[in-house]
There are 2 protein chains.
Amino acid sequence: MGTTQLESVQEPKYWHLKTVLSEALDSDFAVGEILPNERDLAARFGVARATLRQALEQLELEGRLQRRRGVGTTVAPPRVGVAVSTGRREWTGGVGGEAWQPVDCTMDRAPAAVAAMLGTDSTEPVHVVRRIRATHGQAVAAELLYIPASSVPELSAIDAPAGAVRARSVLRELHRLGLEGQDRSVELGSARADDAKELDRLPGAPVLVVTTRYFTADGTAAVSVATYRADTCRLTFGDSGALEISEEEQDRQAS
Amino acid sequence: MGTTQLESVQEPKYWHLKTVLSEALDSDFAVGEILPNERDLAARFGVARATLRQALEQLELEGRLQRRRGVGTTVAPPRVGVAVSTGRREWTGGVGGEAWQPVDCTMDRAPAAVAAMLGTDSTEPVHVVRRIRATHGQAVAAELLYIPASSVPELSAIDAPAGAVRARSVLRELHRLGLEGQDRSVELGSARADDAKELDRLPGAPVLVVTTRYFTADGTAAVSVATYRADTCRLTFGDSGALEISEEEQDRQAS
């Protein structure tokens, strides 16, 4: 019945081409290989270039192809599983080679939506810590972490006023708070220009936006808005207290 | 310093236009309103139609606009938070109006990646339960749930051989197993033709693919591959044992 249902659905031409191309990628191409140019590909599959382009866009969405300026279209490696921690000791970076690197800290206004989550006035400046996350030597996510001054009252005024050193001081103070819980949302977004640069993407590239609220007994202590590359990342979430598989196991299974 | 950094990044023309358009959506348009046609919009903002189209695509990725055949481009309502449960009693549907509706059940081969997660031979047929999830009366996700026959040994052979009734029998047997844990991954994908139809999207539309492994003491009992509309959904994840906010609260905050 599954099959019958599928056949009764009208498939656009690019969708059929996508399936054919996907099989060709499996059988005829290696990871990292550069695809023939669009004109040659369109001729090979007997389709218009517009149709070909739509199919290539689909395959890019699915992480099968990467398009890079000056290189062309290449066959993408399998996506990397990136654990979105539900642990409680994550201010100062994750486990192993998975650390978030603090790169900057400023005082700035939070976007209205973030201010609403923090319960602060949107005109009130908050600490904004910028961090970059790398996996296997490649930047996979860029984050802005918003912390109201009231969350870190012990922060020393004589510390560095900005930059990575300041970021570490703020994170250290957050760590001392004692985290009671967190919740998250994941949605589709497009890369802002500054994030795109960090992630080696063009502005507007599809990204997965992970918004996390961190709670202490007193309420929301901080909000993180992290932008993950959607082309190379698969976000993984473990269950409470049970059986989260390691990233290595997932990579092995994916390959 | 955040500002300086931003300014030093070269922004493509469509990106700048996207920002301008986004502000215009906030100030000049109401949710559900139909945008002027592309020619008029391009003229109004003094840009080429190709540039306009790129900017509209960005806004669609971000969930600000919806494009529907026969209707045109409309201003999208805020995304709906959809809780991706970490609870243990979810076989038979979620809480309140959030139920997964079982619509079909067949015996079929699992895709190779799913078979690997289940630890089964990919030539061995498994139960495939198809479910649809609706929120506020709209289908937001379509799921295929793969269950090896060995996970549900008590399943009665005299039950209905397929269809929604059969699906409920399989889910009931799964429920009896006692779930020990689960883990999940979220990644970007494009809607398959059958899912697209259920979700009222075109094949290939961006979707969020949530893959869940359900564990019992004996190992992986089932694997779910659920396709969520990326345009209208924000997936929410609560923390273990603490403070998950309800969907209603999130909706209120988003509006």
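Given the structure is predicted, the values throughout are model-derived calculations rather than measurements. (Residues numbered from 1 in each chain as written. Chains lettered and ligands numbered in written order. Predicted model: local features only at pLDDT ≥ 70, side-chain atom pairs only at ≥ 80, totals over all residues. Heavy atoms only, no water.)

If you tally the helices and strands in chain A, you get 8 helices and 10 strands. Looking at chain A as a whole, 52% of its 255 residues qualify as buried. Counted over contacts in chain A with a minimum sequence separation of 6, partners at least 24 positions apart contribute 62%. Approximately 11,900 Å² of chain A is accessible, and the part contributed by carbon and sulfur atoms is 51%. (Helix = DSSP H or I, 4+ residues; strand = E, 2+ residues; numbered from the N terminus. Buried < 20%, exposed > 50% of the residue type's maximum accessible area, 1.4 Å probe, protein only. Contact = heavy atoms within 4.5 Å. Areas by Shrake-Rupley, 256 points an atom, 1.4 Å probe, with all protein chains shown as cover.)

Further remarks concern unusual backbone geometry. Despite not being glycine, A:D200 has its phi angle at roughly 60°, a positive value. Looking at the secondary structure, you find A:D200 in the loop between helix 7 (193-198) and strand 8 (206-216).

On to empty space enclosed by the protein. Residue and element names in this part refer to chain B. Using the criterion set out here, one finds 1 cavity of 30 Å³ or more in the structure. Lining the largest cavity are L21, A24, L25, F29, L35, L41, R44 and F45. Only helix 2 (13-28) and helix 3 (38-45) provide two or more residues apiece to the lining of the largest cavity. Broken down by class, the residue content of the lining of the largest cavity amounts to 7 nonpolar, no polar and 1 charged. (1 Å grid on protein atoms, 1.4 Å probe; cavity = no way out; pocket = protein on both sides within 12 Å on 5 of 7 lines; lining within 4 Å. Points joined across faces, edges and corners; volume = space filled by probe spheres on them. Nonpolar A, V, L, I, M, F, W, Y, C, P; charged D, E, K, R; others polar.)

What follows deals with the packing of aromatic side chains. Per the stated rule, a full pass over the model turns up 3 aromatic pairs over all chains. Consider the rings of A:F237 and B:F237, whose centres lie 4.0 Å apart with planes at 0°: the pair is stacked. Of this pair, A:F237 sits in strand 10 (residues 233-237) while B:F237 sits in strand 10 (residues 233-237), on two different chains. The same class applies to A:F237 and to B:F237, which are both buried. Here B:W100 and B:Y228 contribute two aromatic rings whose centre-to-centre distance is 6.3 Å and whose plane-to-plane angle is 80°, an arrangement assigned as edge-to-face. One end of the pair, B:W100, is in strand 4 (residues 100-109); the other, B:Y228, is in strand 9 (residues 219-229), with 128 residues separating them in the sequence. B:Y228 shares its class with B:W100; the two are buried. Sitting over the ring of A:W15, A:K18 keeps its end group 4.0 Å from the ring centre. (Phe/Tyr/Trp six-rings, centres within 6.5 Å; stacked < 30°, edge-to-face > 60°. Lys NZ or Arg CZ within 6 Å of the ring centre and 35° of its normal.)

Residue and element names in this part refer to chain A. Across 4 bridges, the pairing between strand 1 (residues 65-68) and strand 2 (residues 72-75) is antiparallel. Residue pairing for strand 2: L65 is matched across the bridge by V75. Remark: 3 residues form the turn of the hairpin made by strand 1 and strand 2, two consecutive strands paired antiparallel; G70 in that turn has positive phi of roughly 80°. (Pairing = 2+ DSSP bridges.)

What follows deals with the nonpolar core. Core analysis: the largest hydrophobic core is formed by 32 residues, its most contacted members being A:V186, A:Y228, A:L235, B:V186, B:Y228 and B:L235. Contact partners of A:Y228, with chain neighbours within four places excluded, come to A:V82, A:V84, A:W100, A:R133, A:V140, A:A141, A:V207, A:L208, A:V210, A:C233 and A:L235. (Core = buried A, V, L, I, M, F, W, Y, C linked by side-chain atoms within 4.5 Å.)

Attention shifts here to the confidence of the model for chain A. All names here are of chain A. Within chain A, residue pLDDT values average 82, and 83% of them lie at 70 or more. Predicted confidence for residues 1-9 stays below pLDDT 50, and this span has 9 contacts to residues more than four positions away or in other chains. A low-confidence stretch, residues 93-97 stays under pLDDT 50, and its non-local contacts, those more than four residues away or across chains, total 6 contacts. For this predicted complex, the interface score ipTM comes out at 0.82, while the overall pTM is 0.83. (pLDDT = per-residue confidence, 0-100.)

This part covers the pattern of salt bridges. Residue and element names in this part refer to chain A. In the structure shown here, the tally under the stated rule is 32 salt bridges over all chains. For E154, the salt bridge is made with R176, and the minimal N-O distance between the two is 3.9 Å. Here E154 is found in the loop between strand 6 (138-147) and helix 6 (163-177), whereas its partner R176 is found in helix 6, with 22 residues between them in sequence. Here E154 matches R176 in class, with each residue exposed. When salt bridges with common partners are traced through the structure, they connect R130, R192, D194 and D195 into a single cluster. (Salt bridge = Lys/Arg side-chain N within 4 Å of Asp/Glu carboxyl O.)

All names here are of chain B. With respect to the helices and strands, E143 occurs in strand 6 (residues 138-147). Note on E143: relative accessible area 2%, which makes it buried. Separated by 2.6 Å, the side chains of E143 and R131 make a polar contact. A polar side-chain atom of E143 sits 2.7 Å from a polar atom in the side chain of S224. Discounting chain neighbours no more than four positions away, the residues touching E143 are W100, V129, R130, R131, S224, V225 and A226. (Polar contact = N/O pair within 3.5 Å; in protein donor to acceptor, adjacent residues only side chain to side chain.)

Before going further, it helps to spend a moment on the side chain of A:T211. Relative to the elements of secondary structure, A:T211 occurs in strand 8. If we skip the residues at most four places from it in the chain, A:T211 touches A:M117, A:D183, A:R184, A:S185, A:V223, A:S224 and A:V225.

Packed helices, taken two at a time, are described by the angle between their axes plus the distance between the axes. Residue and element names in this part refer to chain B. Between helix 2 and helix 4 (residues 49-61), whose axes approach to 8 Å, the crossing angle comes to 60°. In terms of their interaxial angle, helix 2 and helix 4 are classed as oblique. Crossing angle aside, the handedness with which helix 2 passes helix 4 is right-handed. The residues of helix 4 that touch helix 2, namely those facing K13, Y14, W15, L17, K18, L21, S22 and L25, are T51, L52, Q54, A55, L56, Q58 and L59. (Axes fitted to C-alpha atoms, helices over the stretch in contact; angles between N-to-C directions. Parallel < 35°, antiparallel > 145°, perpendicular 65-115°, else oblique. Left-handed = near helix turned anticlockwise from the far one by under 90°.)

A separate point is the UniProt feature "domain: HTH gntR-type" (unreviewed entry) in chain A. Under the UniProt annotation, "domain: HTH gntR-type" (unreviewed entry) lies at residues 11-78 of chain A. Span residues 11-78 of chain A is 54% helix and 12% strand, its end C-alpha atoms 26 Å apart. (UniProt positions renumbered as here; feature names shortened; annotations may be inferred.)

So, on to the domain arrangement of chain A. Residue and element names in this part refer to chain A. For chain A, the assigned domains are domain 1 (13-75) and domain 2 (80-254). The junction of domain 1 with domain 2 conceals about 380 Å² of combined surface from both sides, 47% of it contributed by carbon and sulfur atoms. At the junction of domain 1 with domain 2, the criterion picks out 0 salt bridges. The interface formed by domain 1 and domain 2 includes 0 residue pairs in polar contact (both at pLDDT 80 or more). Split into classes, the residues belonging to the side of domain 1 that touches domain 2 amount to 1 nonpolar, 2 polar and 3 charged. (Domains from an automatic or database assignment. Buried area = accessible area lost by both parts, 1.4 Å probe.)

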